[in-house]
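Here is how the chains run, residue by residue.
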Amino acid sequence: MASPPDTSKTIKLERYNSYLRRIHSTKVLNASSKLLFRATLLIALVLILFFTINYPPLSDHPQHLHHPHHHSFLSTSFFASSSAVGGAAWEKKIRHSSTPRRPNGFSVLVTGAAGFVGSHCCLALKKRGDGVLGLDNFNSYYDPSLKRDRQKLLLKHQVFIVEGDLNDAPLLAKLFDVVPFTHILHLAAQAGVRYAMQNPQSYVSSNIAGFVNLLEVAKAANPQPAIVWASSSSVYGLNTQVPFSETHRTDQPASLYAATKKAGEEIAHTYNHIYGLSLTGLRFFTVYGPWGRPDMAYFFFTKDILQGKPIDIYQTQDEKQVARDFTYIDDVVKGCVGALDTARKSTGSGGKKKGPAQLRVYNLGNTSPVPVGKLVSILESLLNTKAKKHVIKMPRNGDVPYTHANVSLAYRDFGYKPTTDLSSGLRKFVKWYVSYYGIHTRVKKDSEIRSEHPED
Ligand SMILES: O=C(O)[C@H]1O[C@H](OP(=O)(O)OP(=O)(O)OC[C@H]2O[C@@H](n3ccc(=O)[nH]c3=O)[C@H](O)[C@@H]2O)[C@H](O)[C@@H](O)[C@H]1O
């Protein structure tokens, strides 16, 4: 009888083989995981190197990268470009934009650079050879696409705007770390008289908290910059003496907007007194012109007249015409530049006052008030279109009935002399408006307007 085959050896052999296979596969596994580990290490090293070069540590401003205004750091810059806030490319842009190109040129930080007055001032300063860096939060108080278009215009002239908020102290400190600004032209604000009843907090946040934040950074900077900033004709409030002079009372504001601007003037006094900051407040009188603000009456009147929509023309409670000392943008820009040119250096350093510093306030108006009804009839002529006019009593919305600037102080100190009357200025505005919005209409010549409005 054949003995059954001895399988014990085969079984042993198979076990041995499977043992060998296991050892082998573990070795392979070990080798591949080692490879994976090394590759991961390499990638991590490369990434660390990349971030160290492009994003040096903001150790003194830790919360900056998490600020809501800089979500673009993660969403776009991380993948798409290397010009994120704090990066080497970003710093290069900032330095390039703010470096003067004329002997003894200024290096100016312009806040509100994508705004109406801000964008015009940036261009004027850049054109004469000053270094200009913009700051703007591009908020949506009015159509941000207009702000973006102003930004594009500035970029063509090598003016870079940092996107950020006045209340972002780490960002402001970072800007001063990178650039020794000689001046700040502070024009960022929550503007508009009537909107203050709808959104009071935004006035406190921009015009008070934001201003204080900027002053805190400026006082600590070395060297301290000289600061020129936008106050407002509205601070005259219920003052009845005319024309408004800087010596008249300004303690009766009629709107929260006016109250925050007046607060700004008092805050300026404090920072000048304690820290030796050189501060100049400019009281703008209803500034208008090309690239203007869509929330202002002359702008939305133009839009509504062209669209055949009715417009409200305010009258005082005793049925008198409401009037404004409308001031053309180019005149105001000259005033801003004049104020910068005559601003003396701040005297403090590193947050300590070293001696008395300059503290000034000036009216920048046109010295020639025009009733709103007249403004509308000039627009009607320019646009060859009749407005649907609703004359109504001025709602209790913070508006004052009348403004009229005495500008002799600004004339004495820096030769401020407005030269643009309302019809010439509005003509320039309307020409810009129809071209910007692609409207086909013939805008009347200055001579035609003048013959229709001889007293202007
Ligand atoms: O000098 C300033 O410090 C301010 O100027 C500007 O305020 P204002 O002078 O109020 O300009 P703006 O709104 O264009 O109204 C013009 C006229 O139209 C009248 N007005 C207004 C609206 C309307 O529907 N009807 C009307 O008659 C209205 O009663 C007024 O008489 C800036 O907006 C402000 O930010 C601030 O800088």
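Residues numbered from 1 in each chain as written. Predicted model: local features only at pLDDT ≥ 70, side-chain atom pairs only at ≥ 80, totals over all residues.

Asker: An account of the overall build of the protein chain is requested, with residue identities and associated values reported.
Answerer: Looking only at helices and strands, the protein chain features 14 helices and 13 strands. Within the protein chain, the fraction of its 456 residues that count as buried is 42%. Put simply, of all contacts in the protein chain between residues at least 6 apart along the chain, 80% involve residues at least 24 apart. (Helix = DSSP H or I, 4+ residues; strand = E, 2+ residues; numbered from the N terminus. Buried ≥ 20, exposed ≤ 12 C-beta atoms within 10 Å, placed from the backbone. Contact = placed C-beta atoms within 7 Å.)

Asker: Explain the site of the ligand to me, and be specific about the residues and the numbers.
Answerer: As a matter of local geometry, the ligand sits amid 20 residues, with Ala 191, Ser 232, Met 296, Ala 297 and Tyr 314 nearest to it. Among the elements that line the shell around the ligand, the one with the most residues is strand S8 (residues 310–315), at 3 residues. Broken down by class, the residue content of the shell around the ligand amounts to 12 nonpolar, 5 polar and 3 charged. (Near = placed C-beta within 6 Å. Nonpolar A, V, L, I, M, F, W, Y, C, P; charged D, E, K, R; others polar.)

Asker: Tell me what's going on with the packing of helix H4 (residues 116–127) against helix H10 (residues 329–342), and back it up with residues and numbers.
Answerer: Direction vectors running N to C along H4 and H10 enclose 60 degrees, while the axes themselves pass 10 Å from each other. What the angle tells us is that H4 and H10 run oblique. Relative to H10, the crossing made by H4 is right-handed. Along the contact surface, H4 presents Val 117, His 120, Cys 121, Ala 124 and Leu 125, while H10 presents Ile 329, Val 332, Val 333, Cys 336 and Val 337. Among the residues forming the contact of H4 with H10, the class breakdown is 9 nonpolar, 1 polar and no charged. (Axes fitted to C-alpha atoms, helices over the stretch in contact; angles between N-to-C directions. Parallel < 35°, antiparallel > 145°, perpendicular 65-115°, else oblique. Left-handed = near helix turned anticlockwise from the far one by under 90°.)

Asker: Go over the sheet that holds strand S2 (residues 131–136), please, and point to the residues and values.
Answerer: Strands in a sheet are paired, the pairing made by backbone hydrogen bonds, and the direction either parallel or antiparallel. Read across the open sheet, the 7 strands follow the order S3-S2-S1-S4-S5-S6-S11; overall the sheet is parallel. Strands with a single pairing partner mark the edges of an open sheet, and in this sheet they are strand S3 (160–163) and strand S11 (359–364). Neighbour-to-neighbour, the strand axes of this sheet turn through a mean angle of 20 degrees, independent of strand direction. As judged from the 4 bridges shared by S2 and S3, these two strands associate in the parallel manner. The partner of Asp 136 across the bridge, within S3, is Glu 163. (Pairing = 2+ DSSP bridges.)

Asker: Tell me what's going on with unusual backbone geometry, and back it up with residues and numbers.
Answerer: Put simply, Asn 222 and Pro 223 share a cis peptide bond, and its omega is 5 degrees. Within the secondary structure, Pro 223 sits in the loop between helix H7 (200–220) and strand S5 (226–232). Omega for the bond connecting Val 242 with Pro 243 falls within 30 degrees of zero, at -10 degrees, which places this linkage in the cis form. The topology assignment puts Pro 243 in the loop between S5 and helix H8 (256–275). Positive phi is not limited to glycine here, since Asn 104 has a value of about 60 degrees. With respect to the helices and strands, the residue Asn 104 is situated in the loop between helix H3 (88–98) and strand S1 (107–111).

Asker: Provide a residue-level description of the environment of Leu 306, including the pertinent values.
Answerer: Along the polypeptide, Leu 306 turns up in helix H9 (residues 297–306). For Leu 306, a count of 18 C-beta atoms within 10 Å gives the class partly exposed. Linking Leu 306 and Thr 385, residues 79 residues apart in sequence, is a C-alpha distance of 7.2 Å. In contact with Leu 306, other than residues within four places in its own chain, are Leu 383, Thr 385 and Ile 439.

Asker: Lay out helix H11 (residues 372–383) in plain terms, naming residues and giving numbers.
Answerer: The end-to-end C-alpha separation of H11 is 17 Å, in line with the 16 Å expected for 12 residues at 1.5 Å each. Burial in H11 covers these residues: Val 372, Leu 375, Val 376, Ile 378, Leu 379, Ser 381, Leu 382 and Leu 383. Directly beyond the C-terminal end of H11, a positive phi value near 50 degrees is found at Asn 384. (Expected span 1.5 Å × (residues − 1).)

Asker: Would you mind going over the pairing of strand S6 (residues 279–284) in detail, with residue names and values included?
Answerer: Most of S6 is tucked away: 6 of the 6 residues are buried. Taking every second residue as pointing to the same face, both faces of S6 are buried, with Leu 279, Gly 281 and Arg 283 on one and Thr 280, Leu 282 and Phe 284 on the other. Pairing analysis gives 6 bridges linking S5 to S6, with the strands arranged parallel. Counterpart to Val 228 in the pairing with S6 is Thr 280. Considered for its hand, the β-α-β crossover made up of S5, H8 and S6 is right-handed. As judged from the 6 bridges shared by S6 and S11, these two strands associate in the parallel manner. Bridged to Thr 280 within S11 is Arg 360. (Right-handed = clockwise from strand over helix to strand, strands pointing away.)

Asker: If you had to explain the packing of H7 against H8 to someone new, which residues and values would you point to?
Answerer: Between H7 and H8, the shortest axis-to-axis distance is 10 Å and the interhelical angle comes to 15 degrees. With respect to each other, H7 and H8 are oriented roughly parallel. Considering the relative orientation of H7 and H8, their crossing is right-handed. Side by side, H7 and H8 meet where Pro 200, Tyr 203, Val 204, Asn 207, Ile 208, Phe 211, Val 212, Leu 215 and Lys 219 of the first sit next to Leu 256, Tyr 257, Thr 260, Lys 261, Ala 263, Gly 264, Ile 267, Tyr 271 and Tyr 275 of the second. Of the residues assigned to the contact of H7 with H8, the class counts are 13 nonpolar, 3 polar and 2 charged.

Asker: Please give an account of the confidence of the model for the protein chain that cites residues and values.
Answerer: Overall, the predicted model of the protein chain reaches an average pLDDT of 86, with 81% of residues at or above 70. Contacts of residues 1–29 to residues separated by more than four positions or lying in other chains number 0 contacts, the stretch itself having pLDDT below 50. Within the model, the stretch residues 47–82 combines pLDDT values under 50 with 38 contacts to residues more than four positions away or in other chains. Here the complex is predicted with pTM 0.84, and the ipTM for its interfaces comes to 0.99. (pLDDT = per-residue confidence, 0-100.)

Asker: How would you summarise the environment of Gly 348 if you had to cite specific residues and measurements?
Answerer: Here Gly 348 is to be found in the loop between H10 and S11. Exposure remark for Gly 348: the 25 C-beta atoms within 10 Å place this residue in the buried category. Measuring from C-alpha to C-alpha, the distance between Gly 348 and Asp 130 comes to 23 Å, with 218 residues separating the pair along the chain. Once residues lying within four places of it in the same chain are set aside, the contact partners of Gly 348 are Lys 219, Gln 224, Tyr 275, Gly 276, Leu 277, Lys 353 and Lys 354.

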